[in-house]
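Fold and geometry: a report
Here is how the chains run, residue by residue.
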Amino acid sequence: MKLIIQIPSWNEEETLPGTLADLPRQMPGVDVVEWLVIDDGSTDRTVEVAREHGVDHIVRLTNNKGLAAAWQAGLDAALKLGADVIVNTDADNQYKGSEIPKLVAPILAGDADMVIGDRQVDTIEHFSNLKVKLQQLGSAVVRRASGTHIEDTTSGFRAYNREAALAMQVVSKFTYTLETIIQAGKMTVAVDHVPIGTNPKTRESRLFPSMWAYVRRNAVSIFRIYALYEPLRVFMTAAIIVGIAAAAIWIRFLVAYIGGSGAGHVQSLILGAVLFIAAVQLAALGVIGDVLAGSRVLSQRILERVRRVELQLGIEPSHYEPGKASTGQEATTGADAGPATGKPEEESTEEREAVKL
């Protein structure tokens, strides 16, 4: 049983040592614990600091791609490095490493595929009352959209077993936290949550410049993700609302017409017609979106099977570099790279390329 703790990082040379010092190297029920740092195009000494502090694996993206892309790259690498369980934590040491055994316990017990750490946001001292209320409101919306019971949907402290990790495919560029919950709720991924503690705040968040920017971007993300997974419901609801407005305006015109003053309310007739056309178009978009959603599900299943084939063939993770020198693994960027999943050294590049083709 191998557990890999992945840490998406961007210019974290100051906070990374404290984060790594808090992580476990041994856990009950787990044979091997390894650390993976995803360098999201850092311009400081993040990679050097990671190696100095004993990180086993590094995925080094060429430039800054954003948190969601870094998380996805780390998940892919962890799977190809043989992880049975993957834990994601933040590089700013927000989450306590001592809580990882509690986080993975439901997975090791076979009770869950994906576990999210509940920070119990109303107990965090540096969270204002407004931020707590907004967090709770956003979590309630995501729970309804996903059909899950997760209390803290924006928590990045998460654990995945291999099956859940294989199924996750994020398209959002802003954050993975909301989309993966909604995605899991729509799939055969069992989701659970456990209460966890947090460390004191080390720095301001870099995901958003202000509270309202955070609210705006999360609101847009929730709507976009929900529309992606439930387009028929979203557009049909909008069509019904617009259709009711059109009917109300037409009734107003009809009342005026019966009363003999219809000539002065022709604009209501025109506005009602415009709204009715809009309602029909929204309904059509819902039907088209539902068809596309079906295609998306099929594409997602295909991508999951491609991942399984890659693991079976021993395809190396991209942008991989070794961490501490004792791993003996070379940097991997393609077919010419060294083994990263235990493939025999004597297997030639030509043989690997032929198998891939």
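Heads up: the structure comes first, above all this text.
As the structure is a computational prediction, the values presented were derived from the model and not from experiment.

Our focus in this paragraph is the pattern of salt bridges. It is possible for side chains bearing opposite charge to pair when their charged atoms get close. Evaluated as defined, the whole model comprises 14 salt bridges. Between arginine 119 and aspartate 152 there is a salt bridge, with the nearest N and O atoms lying 2.6 Å from each other. A residue pair is termed long-range when its members are at least 10 positions apart, and arginine 119 in the loop between strand S5 (114–118) and helix H5 (129–146) and aspartate 152 in the loop between H5 and strand S6 (158–161) qualify at 33 residues. The network of salt bridges with shared partners includes Asp39, Arg51, Arg60 and Glu321.

This part covers a nonpolar patch on the surface. On the surface, Trp250, Leu269, Phe276, Ile277 and Val280 cluster together into a nonpolar patch covering about 440 Å² of accessible area. By the secondary structure assignment, leucine 269 is in helix H10 (residues 266–313). A residue is classified by how much of its surface remains accessible, and leucine 269, at 38% relative accessible area, is partly exposed.

A separate point is the sheet that holds strand S7 (residues 191–195). Strands belonging to one sheet form pairs held by backbone hydrogen bonds; the direction of such a pair is parallel or antiparallel. Reading across from one edge, S7-S5-S6-S4-S1-S2-S3-S8 is the order of the eight strands in this open sheet, with mixed pairing throughout. Each end of this open sheet is capped by a strand with a single partner; those strands are S7 and strand S8 (320–322). In this sheet, adjacent strand axes meet at a mean angle of 25 degrees when their direction is disregarded.

Attention now goes to the packing of aromatic side chains. Under the definition given, this model contains five aromatic pairs. A centroid spacing of 4.8 Å and a plane angle of 5 degrees characterise the contact between tryptophan 71 and tyrosine 176, whose relative ring orientation is stacked. With a gap of 105 residues between them, tryptophan 71 in helix H3 (residues 67–80) and tyrosine 176 in the loop between helix H6 (162–167) and helix H7 (177–185) connect regions that are remote in the sequence. You can call tyrosine 176 buried: its relative accessible area is 1%. Arginine 25 extends its terminal NZ or CZ atom over the ring of tryptophan 35, reaching a point 3.8 Å from the ring centre.

Further remarks concern the pairing of strand S4 (residues 85–88). Side-chain alternation along S4 places Val85 and Val87 on one buried face and Ile86 and Asn88 on a second face that is also buried. By the bridge criterion, four bridges tie strand S1 (residues 2–9) to S4 in an arrangement that is parallel. Across the sheet, residue leucine 3 finds its bridge partner in S4, namely valine 85. Pairing analysis gives four bridges linking S4 to S6, with the strands arranged antiparallel. Along S6, the bridge assignment pairs valine 87 with alanine 159.

Attention now goes to the nonpolar core. By size, the foremost hydrophobic cluster in this structure holds 41 residues, and its most contacted members are Met114, Tyr160 and Val189. Secondary structure elements with two or more residues in this core: strand S2 (32–40), strand S3 (57–61), H3, S5, H5, H6, H7 and helix H8 (211–229). Here this core gets seven residues from one element, more than from any other, and that element is H3. With near-sequence residues (within four places) excluded, tyrosine 160 lies in contact with Trp71, Leu75, Asp84, Val85, Ile86, Ile107, Asp113, Met114, Ala165, Met168, Tyr176 and Thr180. Of all hydrophobic cores here, the second largest spans 30 residues; its members include Ala91, Val104, Phe157 and Ile196.

About the criteria used
- Residues numbered from 1 in each chain as written.
- Predicted model: local features only at pLDDT ≥ 70, side-chain atom pairs only at ≥ 80, totals over all residues.
- Heavy atoms only, no water.
- Salt bridge = Lys/Arg side-chain N within 4 Å of Asp/Glu carboxyl O.
- Helix = DSSP H or I, 4+ residues; strand = E, 2+ residues; numbered from the N terminus.
- Patch = residues over 30% accessible without salt bridge, like charges linked within 9 Å, V, L, I, M, F, W, Y side chains within 5 Å.
- Areas by Shrake-Rupley, 256 points an atom, 1.4 Å probe, with all protein chains shown as cover.
- Buried < 20%, exposed > 50% of the residue type's maximum accessible area, 1.4 Å probe, protein only.
- Pairing = 2+ DSSP bridges.
- Axes fitted to C-alpha atoms, helices over the stretch in contact; angles between N-to-C directions.
- Phe/Tyr/Trp six-rings, centres within 6.5 Å; stacked < 30°, edge-to-face > 60°.
- Lys NZ or Arg CZ within 6 Å of the ring centre and 35° of its normal.
- Core = buried A, V, L, I, M, F, W, Y, C linked by side-chain atoms within 4.5 Å.
- Contact = heavy atoms within 4.5 Å.

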